[in-house]
Amino acid sequence: MPTPSPTTPATDETQHAQQVLVFAMATLAEQREADSESHILRVQHYVLALAKELGKRPPFEELLTPDYIDTLYRSAPLYDMGSVCVPDRILLKPGRLTADEISIMRTHTTLGHAAIERAEKTLGRVSPLLAMTKDMVLCHQEKWDGTGYPRAIAGTDIPVAARIIALADVYDALITSKVYKDGVPHDKAVQIIFSERGTHFDPDMVDAFIEIQDSFAEIAQRYADTEADMQHKIEYMANAIAEIATL
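Residues numbered from 1 in each chain as written. Predicted model: local features only at pLDDT ≥ 70, side-chain atom pairs only at ≥ 80, totals over all residues. Heavy atoms only, no water.

> How do you make sense of the packing of helix 5 (residues 99-122) against helix 6 (residues 131-139) when you look at a structure like this?
Each pair of packed helices gets described by two things: the angle between the helix axes and the distance between those axes. Between helix 5 and helix 6, the shortest axis-to-axis distance is 7 Å and the interhelical angle comes to 155 degrees. Comparing the axis directions of helix 5 and helix 6 gives the class roughly antiparallel. Where helix 5 approaches helix 6, its residues T109, T110, G112, H113, I116, E117 and E120 are matched on the opposing element by T133, K134, V137 and L138. Among the residues forming the contact of helix 5 with helix 6, the class breakdown is three nonpolar, five polar and three charged. (Axes fitted to C-alpha atoms, helices over the stretch in contact; angles between N-to-C directions. Helix = DSSP H or I, 4+ residues; strand = E, 2+ residues; numbered from the N terminus. Parallel < 35°, antiparallel > 145°, perpendicular 65-115°, else oblique. Contact = heavy atoms within 4.5 Å. Nonpolar A, V, L, I, M, F, W, Y, C, P; charged D, E, K, R; others polar.)

> How should the nonpolar core be read in this particular structure?
Generally speaking, soluble globular proteins have nonpolar side chains that are buried together. Residues L50, L72, I164, L167 and Y171 are the most contacted members of the largest nonpolar core, which totals 37 residues. If you list the elements that add at least two residues to this core, you get helix 2 (37-54), helix 3 (66-75), helix 6, helix 7 (160-175), helix 8 (186-195), helix 9 (203-211) and helix 10 (213-222). At nine residues, helix 7 tops the list of elements feeding residues into this core. Among residues more than four places away in sequence, those in contact with L72 are V47, A51, M132, M136, A161 and I164. (Core = buried A, V, L, I, M, F, W, Y, C linked by side-chain atoms within 4.5 Å. Buried < 20%, exposed > 50% of the residue type's maximum accessible area, 1.4 Å probe, protein only.)

> Would you mind showing me how to read the pattern of salt bridges here?
Opposite charge on two side chains permits pairing when their charged atoms draw close. In total, this model carries ten salt bridges according to the counting rule given. Between E53 and R57 there is a salt bridge; the shortest N-O distance is 2.9 Å. Judged by relative accessible area, which is 13%, E53 ranks as buried. The closest approach of N and O atoms between D207 and R197, which form a salt bridge, is 2.9 Å. With D207 in helix 9 and R197 in the loop between helix 8 and helix 9, the pair connects residues that are ten residues apart, well separated along the chain. Accessibility expressed as a relative area gives 37% for R197, which makes it partly exposed. (Salt bridge = Lys/Arg side-chain N within 4 Å of Asp/Glu carboxyl O.)

> I would appreciate a short explanation of the packing of helix 2 against helix 3 in the present structure.
Two elements in contact, helix 2 and helix 3, have axes whose closest approach is 9 Å; the angle formed by their N-to-C orientations is 160 degrees. By the criterion of interaxial angle, the relationship of helix 2 to helix 3 is roughly antiparallel. Like other packed secondary-structure pairs, helix 2 and helix 3 cross with a definite hand, here right-handed. Side by side, helix 2 and helix 3 meet where Q44, H45, V47, L48, A51 and K52 of the first sit next to I69, L72, Y73 and R74 of the second. Looking at the contact of helix 2 with helix 3 residue by residue, the classes come out as six nonpolar, two polar and two charged. (Left-handed = near helix turned anticlockwise from the far one by under 90°.)

Right, dumping it as structure tokens:
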């Protein structure tokens, strides 16, 4: 039997199955934070919109090819996979974290990155297709001014994919209601992100975000959390807190 070509239904089905598994893994990670599948979809589409806009502009136009953007879109759900390693008592704590708890929470970047590298080693070779995913997992908490973590790198030393994810993630964190806090309106989120232009975020990316902010608002509305999503968050957190209380 001949090997299926890249355009055959068999290959398409394989790619779809791989995406289902990626999304399932990402969903498990986000549920640990009492978040929803809708959050993953929102971030994925913010990333797509921002990358497409940046792809029209120097200095990003050569890097952000259609193939790069497609890989970025498909990989985006995994950026926070390391959160599965953070204990519930820290991950779900509604109040301020202690210094020790912050240190543990911050390990989600390095632990997620290490998990991919261990898997590559176990399976015998490094996959070039996972380079972008590893960048996002490791560096999405880095900041343009070098005050982020885990490596405190700055500016263009931060991989482009991680810079894009960082802005998308913060926007969604701002506008989304949690069990213990209400999200802010879109306009307020835009103001906050603009105020961190050149500190938390790449200035060029903030400028592109401002240009397409209506697309972000539309994505947020299209994939908004449902009442069922919020009920799931409440139940998950209540169960986790009850479990922690018995330890």
